Amino acid sequence: MQTITIYFDEPKLFDPSNINPLSGIAGLYFIFSKSIFIQYPFDTSRLLYIGMSERKTNSIGSRLLGHFGGKSKNIGLVNYRKIEPLYFTYINFEMLRNNWVYRIEDLESYFILNFVEHFGVYPICNNKTGFEIMNNTIETHFKIDWNYFK
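Being a predicted model, the structure only gives us computed values, none of them experimental.

**Q** Got a sec to walk through the nonpolar core? Specific residues and values, please.
**A** Phe111 and Phe142 are the most contacted members of the largest nonpolar core, which totals 45 residues. Mapped by element, the contributors of at least two residues to this core are β1 (2–6), β3 (27–33), β6 (47–53), α2 (60–69), α3 (75–83), β7 (86–92), α4 (104–119) and β8 (140–144). Here this core takes seven residues from α4, the largest share from any one element. When neighbours within four sequence positions are excluded, Phe142 is seen to be in contact with Ile4, Ile6, Leu96, Trp100, Leu107, Tyr110, Phe111 and Asn114.

**Q** An account of the packing of aromatic side chains is needed here, citing residue identities and associated values.
**A** Going through the model one piece at a time under the given rule, you end up with 26 aromatic pairs. Note on Tyr110 and Phe142: the rings are 5.5 Å apart at their centroids and 85 degrees apart in plane angle, and the pair reads as edge-to-face. In this pair, Tyr110 sits in helix α4 while Phe142 sits in strand β8, placing the two residues 32 residues apart along the sequence. Each member of the pair Tyr110 and Phe142 is classed as buried. Ring geometry for Phe115 versus Trp146: centroids 5.3 Å apart, planes at 80 degrees, classification edge-to-face. Of this pair, Phe115 sits in helix α4 while Trp146 sits in the segment after β8, and the two are 31 residues apart along the sequence.

Cut-offs used in this document
- Residues numbered from 1 in each chain as written.
- Predicted model: local features only at pLDDT ≥ 70, side-chain atom pairs only at ≥ 80, totals over all residues.
- Heavy atoms only, no water.
- Core = buried A, V, L, I, M, F, W, Y, C linked by side-chain atoms within 4.5 Å.
- Buried < 20%, exposed > 50% of the residue type's maximum accessible area, 1.4 Å probe, protein only.
- Helix = DSSP H or I, 4+ residues; strand = E, 2+ residues; numbered from the N terminus.
- Contact = heavy atoms within 4.5 Å.
- Phe/Tyr/Trp six-rings, centres within 6.5 Å; stacked < 30°, edge-to-face > 60°.

See the structure below:
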């Protein structure tokens, strides 16, 4: 079994000018607040949402634009954005393809469940579980830098 440490890229302002260049990229994305710390059971974090784009035709760019404009119907993200600027970062699935043999959906589940392990519950604006990945034998484990969202 191998362990890969995940570090996140520079945060980007959650704004169409930063989102548009991500059309055609599949992977995971993370939306977080500028200064609001959510008190989760085990620790605090600015992370609000973990999402994914499973294919290039429904890219990270189009998914983020859906959240930005409210088309995704995630009222939590819409309301947090009314209070203060939000930020995002992402992971291009192509970067992990050689080390992750499962689907992007399973990678998202892995990250969500890892968040639960560290913080006690799902990110506040996520509304789905990730237990499907637990049915697989995982050869690659990720050490995720959740401190990025502190």
